[in-house]
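# Descriptive analysis of the structure
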Amino acid sequence: MTSVIDIKDYTWKYLHTESPALNNIDLSIEEGSFVGIIGPNGAGKTTLAYSMDGLIPGQYNGIKKGTVNVFGKEVESYNKGELQQVVGVVFSDPEAQFTAMTVEDELVFGMENIGLTIQEIRERLEWVTELTGLTDLLLKPPYEISGGQKQRVALAAVLAMKPKLLILDEPTSMLDPVSRKMIFEVLKKLKTDEDSTIVVIEHSLENLIPLADQMILMADGEIILQENTREFFNNSDLLLEKGVYPPGVLYFFHELHRKGLYQGEYPLTVEQGKNLLQQLVK
Amino acid sequence: MTDKKPYIQVIDLDFSYPDGTEALKDINFEVREGEFIALIGQNGSGKTTLSKCLNGLYKPTSGDILVDGLNTKKGSIVQMVKRVGYVFQNPDHQLFNNTCWDEIAYGPRNIELPDEEVKERVEEAIAVVGLPKYTHQEHPFFLSKGLRQRVAIASILALRPKVIIVDEPTTGQDAKQSLEIMNFLRELNQEHGHTIMIITHDMPIVGLYAKRVIAMAQARIMADGLTRDVFTLADVLEKTFLAPPQITQLAQADPTLGFDPGTLTVNEMVDQYLELVQ
C-alpha cells in the first residue's frame, strides 16, 4: 500500500499565537483508506486538514517545522492550484466556500476551474446532484437554502471535482439525522466504488464509526491515539477523559465493561449491539 | 405538562414567505411556563420559521399566536422581546458590537431602559452565563464559538424574556462544550424559571434534556408529546426523517429482550440491564 499522506515531525505555529497549533505530528494515511479524526475543539483538527491541502503554509502566516508530503511530494513544491486538483476539502462552514449565485453555478465553478470539457461537466453535474439529492435546488441561490442544504451543496461542489483525497471538516454538523446518514452513505459509495481516500473530521461518531478503517484522536495539537477503529474504542476511558463521548451503544457496553459485566469486543453499530444483547440477556 | 396556564398559544397558524413558499401549515400547540421543549425535524421542515413567528419577527399569514395574552400581530417589538427571545443558530449572525459588554447592553438600551438598569441587567446576564472578566471589553469575534454563544444568550437574557428559544445550541461544539451549554440551559430552566425551547438535530441531547418534543415535517407538526413517547412512534419518526438516539434504538432493537422502548439515556439502559440479568 502506498501512502497518500506522509507527515513527519511536523510542527506549525500561527504567527500571532503563543503555542503551536500542531506539535510534532507524525502521520501516514494509506491510499484508499477511510480515516476519522476526532477530538475537542481547539485540538488542531482543522489546522491538520488545511496542512494536507496546502492552505497551510500557502495562505496562512506562521512557522513550520518538519515535512508534509501529499502523493509523494512536499506540499510547497506543487504549483499553484495543482494540489487542489487532487485534494478536495469540504469546510465546516459551507458559506466560506460559496462564490456563485445559483447552486448549479456553484457546482460547476470548480469543474470549470480544473478545465473539464462541457460534456464531462454535464455528466458529473448529473451524477453529483443525483448522489447528494440536490436536483430541486439547482436554480436557487446558495444563500437562500437551509443550513443543511448548504452543507450538501458544499460537499457536492467538491465531489464534482473527483479529488483523489477528500477531506471533510465536520460535514454534517448542521444536518438532521437522516440527511446526516445520507451524507455518510454517499461517502460509503465513494469508498467502495471510487477508491477515494477519505479523511473525515467529526464530532458525531454514530455514522463515522461503521465506515472508518482507522480513527485518530487529537488533543492540544498532538495525535494522542491512532488505531484501527475497534481497537481505538478499547481506549474509551482515555476518550472520555479527553471529552469525547462514544456513541450510545458503544458507551453502554463500555459502562458494562467498567462494572465488570462485559469483557468482549465493543459493538460499533446498533445491529452488533443487538446481537450481543441477545446473547447476554437470556 | 402541568396545570399552569399556557404562556404561548398557537392557533391555526399558517405562514407563507413572500415568494409563496408555504413554510408552516395548520400549526396548533401551547407552551406552558417552565417547560423544556425540543423542536425537531428535517432541515427545511419549518422549525426556524416557527420560532421567528413565536417572537413576532414574522407575522402569521393566517391564524394567531398569543404570547402571554398578547397577539403577535399587535405586539410591538419592545413588548415582544420581553416575552420571547431567540438566539440565532450562528451567533455571528447576531453579534455586531465592538465589545461583549456593548453587545449585551444593546437590547436593554434599545428598549430605552435607564443607564442604571442597563448596567444592572448586563451584569446579571454576564453572571448567569459566566463570562470570564477578560472578555467583557473584548471584541466578541476574538472569542471561541462556545463563548460567542454565551454572549449571544446573555444579550437575550438581558431583555429578561420568559421564553428563550435557542436555535441549534450544540452545532459545532464538541461533546464537552455541548454538555456545558445544555447544563447551562437546564439551569436557566430549573433555577431561573425560563421556559426553554431548543431547535436541534442532536437526538442524544434531546433524550438527555428535553421533557417534551415537537416533531415537524413539511411545514406541519407530526408529533407533540413526552420525549419518551415520541421516540417510540416509529412511523411518525420515519415520516419526519428522524431517528431516536442510538441507545433508544438499541433498547427497541429486539422487543423480546424486555428493555423499555422509551429508554432515553445510557444510564437508564444500564439500570435496566442490571435488573434483567439479575
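Residues numbered from 1 in each chain as written. Chains lettered and ligands numbered in written order. Predicted model: local features only at pLDDT ≥ 70, side-chain atom pairs only at ≥ 80, totals over all residues.

### Overview of the overall build of chain B
As a reminder of what qualifies: Secondary structure elements follow DSSP: runs of H or I no shorter than four residues count as helices, runs of E no shorter than two count as strands, and numbering proceeds from the N terminus. Here a residue counts as buried when 20 or more other C-beta atoms sit within 10 Å of its C-beta, as exposed when there are 12 or fewer, and as partly exposed otherwise, the C-beta atoms being derived from the backbone. Contact between two residues is assigned when their C-beta atoms, built from the backbone, lie within 7 Å.
Secondary structure assignment for chain B yields 11 helices and 10 strands. Among the 278 residues that make up chain B, the fraction classed as buried is 51%. Here the contacts in chain B between residues at least 6 apart in sequence split such that 63% fall between residues at least 24 apart.

### Let's talk about the sheet that holds strand β5 (residues 73–74) of chain A
Put simply, the rule reads: Paired strands are those between which DSSP finds at least two bridges.
Pairing is antiparallel in the open sheet, where 4 strands are placed in the order β2-β1-β4-β5 (chain A). The open sheet has two free edges, formed respectively by β2 (22–30) and β5 of chain A, since each of these has just one partner strand.

### Section: the sheet that holds strand β7 (residues 165–169) of chain A
Residue and element names in this part refer to chain A. Selection rule: Inter-axis angles, ranging from 0 to 180 degrees, are taken between N-to-C directions of lines fitted to C-alpha atoms, where helices are fitted over the stretch in contact.
Here 6 strands make up an open sheet; going across it, the order is β6-β7-β8-β3-β9-β10 and the pairing mixed. Strands at the two margins of the open sheet, each flanked by one partner only, are β6 (87–90) and β10 (222–228). Averaged over all neighbouring strand pairs, the angle between strand axes comes to 15°, with direction disregarded. Against the sheet, helix α6 (residues 147–159) contacts β6 and β7, and its axis sits at roughly 175° relative to β6.

### Here we look at the nonpolar core
Stated formally: Here, a nonpolar core means buried Ala, Val, Leu, Ile, Met, Phe, Trp, Tyr and Cys residues linked by C-beta atoms lying within 7 Å of one another.
Judged by nonpolar contacts, the single largest core of 88 residues is most densely connected at A:A156, A:V158, A:I167 and A:F252. At 7 residues, α6(A) tops the list of elements feeding residues into this core.

### Considering the interface of chain B and chain A
Contacts between the two partners involve 31 residues from chain B, matched on the other side by 34 residues from chain A. Taken together, the elements giving at least two residues each to the side of chain B that touches chain A come down to α6 (175–190), α7 (203–209), α10 (246–253) and α11 (266–277) of chain B. No other element matches α11(B), which puts 6 residues into the side of chain B that touches chain A.

### So, the domain arrangement of chain B
All names here are of chain B. Quick reminder of the rule: Domains are outlined according to an automatic or database domain assignment.
When the domains of chain B are assigned, the result is domain 1 (1–76 + 164–175 + 196–243) and domain 2 (245–278). Averaged C-alpha coordinates put domain 1 and domain 2 at centres separated by 28 Å. In this complex, domain 1 contributes 10 residues to the contact, which on the side of domain 2 involves 7 residues. Of all the secondary-structure elements, those providing two or more residues to the side of domain 1 that touches domain 2 are α7 and α8 (227–230).

### Regarding the packing of helix α3 (residues 100–110) of chain B against helix α5 (residues 145–157) of chain B
All names here are of chain B. For clarity, the cut-off: Note on angle classes: values under 35 degrees are labelled roughly parallel, values over 145 roughly antiparallel, values of 65 to 115 roughly perpendicular, and the remainder oblique. We call a crossing left-handed when the near helix sits turned anticlockwise from the far one by less than a right angle, and right-handed when that turn is clockwise. Here the nonpolar group is Ala, Val, Leu, Ile, Met, Phe, Trp, Tyr, Cys and Pro; Asp, Glu, Lys and Arg are the charged ones; every other residue, Gly included, is treated as polar.
At a minimum axis distance of 7 Å, the contact between α3 and α5 shows a crossing angle of 30°. Accordingly, the angle class assigned to the pair α3 and α5 is roughly parallel. The way α3 lies across α5 gives a crossing that is right-handed. From α3, C100, E103, I104, Y106 and G107 reach across to α5, where they touch V151, A154 and S155. Classifying every residue of the contact of α3 with α5 by side-chain character gives 5 nonpolar, 2 polar and 1 charged.

### Considering the pairing of strand β6 (residues 84–87) of chain B
Side chains on a regular strand alternate between the two faces of the sheet. Residue and element names in this part refer to chain B. What you see with β6 is no split at all: V84 and Y86 on one side and G85 and V87 on the other are buried throughout. As defined by bridge partners, β6 adjoins strand β7 (residues 163–167) across 4 bridges and the pair is classed as parallel. Bridging across to β7, V84 finds its partner in V163.

### Points about the environment of B:T200
Residues and elements named next belong to chain B. Structurally, T200 can be placed in the loop between β8 (195–199) and α7. Here T200 falls in the buried class, since 22 other C-beta atoms lie within 10 Å of it. Ignoring anything within four residues of it in the chain, the contact list for T200 reads A38, I40, E168, P169, T170, I205 and V206.

### Some details on helix α4 (residues 103–113) of chain A
Within α4(A), the full set of buried residues consists of A:V103, A:E106, A:L107, A:V108, A:G110 and A:M111. Once α4(A) finishes, A:G115 follows within two positions and takes phi at roughly 75°, a positive value.

### Here we look at the environment of B:E35
All names here are of chain B. Summarising the element assignment, E35 is placed in the loop between β2 (22–32) and β3 (36–41). Here E35 falls in the buried class, since 21 other C-beta atoms lie within 10 Å of it. Sequence separation between E35 and K211 is 176 residues, and the spatial gap between their C-alpha atoms is 7.6 Å. Among all residues touching E35, those that are not within four sequence positions of it are T195, K211 and R212.

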